[in-house]
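This is what each chain is made of:
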Amino acid sequence: REPRSLPFRSLSRSELAHSAALVPPMPKEIKVKRRGGDGGGAAGGGAAASSSAPYHRHVGVQLQHSLGQHLLKNPLVTAAMIEKASIKSTDVVLEIGPGTGNLTLKLLEAAKKVVAVEHDGRMVVELQKRLHGTAEGRRLQLIHADVMKVELPFFNLCVANIPYQISSPLVFKLLAHPQRFRCALLMVQREFAQRLCAKPGDELYCRLSVNTQLLAKVDHLMKVSKNSFRPPPKVDSSVVRIEPRNPPPPVDFVEWDGLVRLCFNRKNKTLGAVFRQKPLLQLLADNLKTHRALVGAMAGGMAGGGGEGSSGGDGGAAPMETGGGGGGGLLAEVGELVEQVLEETGFAEERTAKLDQDDFLRLLAAFNAVRARPRSAQIATGCQSRVPEMTRLAAFQHCGGERVWRRSGPQQRVRGRRHLASATSPLAL
């Protein structure tokens, strides 16, 4: 049957007020304040995160700003990186910081094997859950370690969205890998990418540009907006391709880096003004004195190994001199040698910001070729013809001296001694 319609009657004000009093009031919304330190600490879970850091969650994991965790969420950027990497079906791909595996899954579809290095244990668990029981999971080698402290296995290609705070040391760690790889596609900060690709005369041309372009060819591939990440970082990003030079240049990188470090202290000044500064000349004089002591010890050991026939005459080593009987004499000697190098190369009026790779090679070769030791202090039996004479300024400057050792602690002191010992080998140019 059709329902019987009820007659409509308007309610009076008293009836409306009475019905409103019978309805219970809505509960007030309670806002819970979240602290930045809740939910985990920094690397390893030791220290709490900063209280000013925003709270972000993705698949149940709080992202730590201290670890540089910005997950790439734009599938178009991921597909573009896979396409530009030109991955072969026989490649072993290295990924640094896989996170929750958005890029890892695409790499597993194209490569034979993926080696992923993750520092955060929570991300390791999430990635294992995501690939558990799948065919792709069998081709994934997951390493739970700090990439800067672990020895990297063999790989043909590196594709990664790396933490921005380790960009520079990670690039040089990859370039120093003993097994040569084809190339590396890295997501880095926009300004860092511009420094990597900068040319002589550019505003961002710096020591990083010179050192990287000596060891590899660097290309800027594409720009990536900060909105492509979760949570979005404060700066935009870029993807760069780094192709190591094969074979590597026959240059002692320790010496090279020290010379470039000296030149870029004042990159807009002329080299004459840079190398004529008294603190720099004093540093070179100290380095030269230490170098002569090391070479003298080597020559003494070589001459002493010949038995009695090696002592005296042409077979004995002459006593080492420190250059004029005092620090002032050695300082003046170094000043003359620097003037000689600047005159031979013609770089006295050139500025560091305008020099290219060939110019720095000429300058380094000139410093190693100049004859710095007095003739009365020649070392016997071939050492004087094989060991470069000038300071080894780069090697000693790289290990930094006692000031850097005190600032960096015991580990840097041990590493500096190792570099110091290797500085006695002749430079191959």
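Residues numbered from 1 in each chain as written. Predicted model: local features only at pLDDT ≥ 70, side-chain atom pairs only at ≥ 80, totals over all residues. Heavy atoms only, no water.

1. Let's talk about the overall build of the protein chain
Short version of the rule: What counts as a helix is a DSSP run of H or I of at least four residues, what counts as a strand is a run of E of at least two, and both are numbered from the N terminus. Partly exposed residues are those whose accessible area sits between 20% and 50% of the maximum for their type, while under 20% is buried and over 50% is exposed, using a 1.4 Å probe and protein chains only. We call two residues in contact when some of their heavy atoms are within 4.5 Å.
Scanning the protein chain for helices and strands turns up 16 helices and 11 strands. Buried positions account for 44% of the 429 residues belonging to the protein chain. The long-range fraction of contacts in the protein chain, counting pairs at least 24 apart against all pairs at least 6 apart in sequence, stands at 69%.

2. Some words on helix H6 (residues 190–197)
Threshold: The directions considered for the arc are those from the helix axis to the C-beta atoms.
If you check which residues of H6 are buried, you get Arg 190, Phe 192, Ala 193 and Leu 196. Along the axis of H6, the buried positions cluster into a sector of 160°, meaning they face one direction only. Considering only its buried residues, H6 is in contact with helix H5 (167–175), strand E8 (183–189), helix H7 (207–215), strand E9 (216–224) and strand E11 (237–244).

3. Observations concerning the nonpolar core
Worth spelling out the cut-off: Among the buried residues, those of types Ala, Val, Leu, Ile, Met, Phe, Trp, Tyr and Cys that are joined through side-chain atoms within 4.5 Å form a nonpolar core.
Formed by 67 residues in total, the largest nonpolar core has its most connected members in Leu 94, Leu 174, Leu 186, Ile 242, Phe 275, Phe 360 and Leu 363. Sorting elements by how many residues they give to this core places helix H11 (residues 327–345) first, with 7 residues. Here Phe 275 is in contact with Leu 259, Cys 263, Leu 280, Leu 281, Val 338, Leu 342, Leu 363 and Phe 367, once residues within four sequence places are set aside. By size, the runner-up hydrophobic cluster in this structure holds 27 residues, among which are Leu 103, Leu 107, Ala 111 and Met 187.

4. Here's the deal with the sheet that holds E8
Sheet strands pair by backbone hydrogen bonding; their relative direction is either parallel or antiparallel. The cut-off we apply is this: Two strands pair if DSSP finds at least two bridges between them. Note on method: axes are straight lines fitted to C-alpha atoms, helices fitted across the in-contact stretch only, with angles between N-to-C directions ranging 0 to 180 degrees.
With mixed pairing, 7 strands are arranged side by side in an open sheet as E6-E5-E4-E7-E8-E11-E9. Of all the strands in the sheet, just strand E6 (140–144) and E9 have a single pairing partner and so form its edges. When the angles between neighbouring strand axes are averaged without regard to direction, this sheet yields 20°. Direction of pairing for strand E7 (residues 157–161) relative to E8: parallel, over a ladder of 5 bridges. Residue Leu 157 lies in a different strand from E8, and its bridge partner there is Cys 183. Here helix H2 (residues 75–85) sits on the sheet and contacts E7, E8, E9 and E11; the angle it forms with E9, its principal contact strand, is near 155°.

5. Side note on the pairing of strand E5 (residues 113–118)
Regular strands have side chains that alternate between both faces of the sheet. The cut-off we apply is this: A crossover gets the label right-handed when its path from the first strand over the helix to the second runs clockwise, viewed with the strands pointing away from the viewer.
Among the 6 residues of E5, 5 are classified as buried, and the element is accordingly described as predominantly covered. With 5 bridges connecting them, strand E4 (residues 92–96) and E5 associate as parallel partners. Residue pairing in the sheet places Val 92 in a bridge with Lys 113 of E5. In this view, the connection linking E4 to its parallel neighbour E5 by way of helix H3 (residues 102–110) has right-handed handedness. Sheet analysis places E5 next to E6, joined by 5 bridges and oriented parallel. Note that in E6 the partner of Ala 116 across the bridge is Leu 142. With helix H4 (residues 121–131) bridging E5 and the parallel E6, this β-α-β connection has right-handed handedness.

6. What about the packing of H5 against H7?
Let me state the cut-off plainly: Every angle not falling under 35 degrees, over 145, or within 65 to 115 is termed oblique; those three ranges are roughly parallel, roughly antiparallel and roughly perpendicular. In this scheme, a crossing is called left-handed if the near helix is turned counterclockwise away from the far one by less than a right angle; it is called right-handed if the turn is clockwise. Three classes are used, and their members are as follows: Ala, Val, Leu, Ile, Met, Phe, Trp, Tyr, Cys and Pro are nonpolar, Asp, Glu, Lys and Arg are charged, and the others, Gly among them, are polar.
Two numbers describe how H5 lies on H7: the axes approach to 11 Å, and their chain directions differ by 20°. By the angle between their directions, the pair H5 and H7 is classed as roughly parallel. In this structure, H5 crosses over H7, and the sense of that crossing is left-handed. Where H5 approaches H7, its residues Ser 168, Val 171, Phe 172 and Leu 175 are matched on the opposing element by Leu 208, Asn 211, Thr 212 and Leu 215. Class assignment of the residues belonging to the contact of H5 with H7 gives a composition of 5 nonpolar, 3 polar and no charged.

7. Details of H5
Among all positions in H5, only Ser 167, Leu 170, Val 171, Leu 174 and Leu 175 are buried. Along H5, the residues classed as buried sweep out an arc of 135° about the axis, all on the same side.

8. Some details on the environment of Leu 283
Following the sequence through the fold, Leu 283 ends up in helix H10 (residues 278–304). Linking Leu 283 and Leu 331, residues 48 residues apart in sequence, is a C-alpha distance of 9.2 Å.

9. Digging into the confidence of the model for the protein chain
Inclusion rule: Across the chain, each position has a pLDDT score giving the predictor's confidence in that residue, from 0 to 100.
On average, residues of the protein chain score 75 in pLDDT, and 64% of them are at 70 or above. When mean pLDDT is compared element by element in the protein chain, E11 scores highest at 97, while helix H15 (residues 401–408) scores lowest at 32. The low-confidence segment residues 307–326, where pLDDT is below 50, has 30 contacts with residues more than four positions distant or belonging to other chains.

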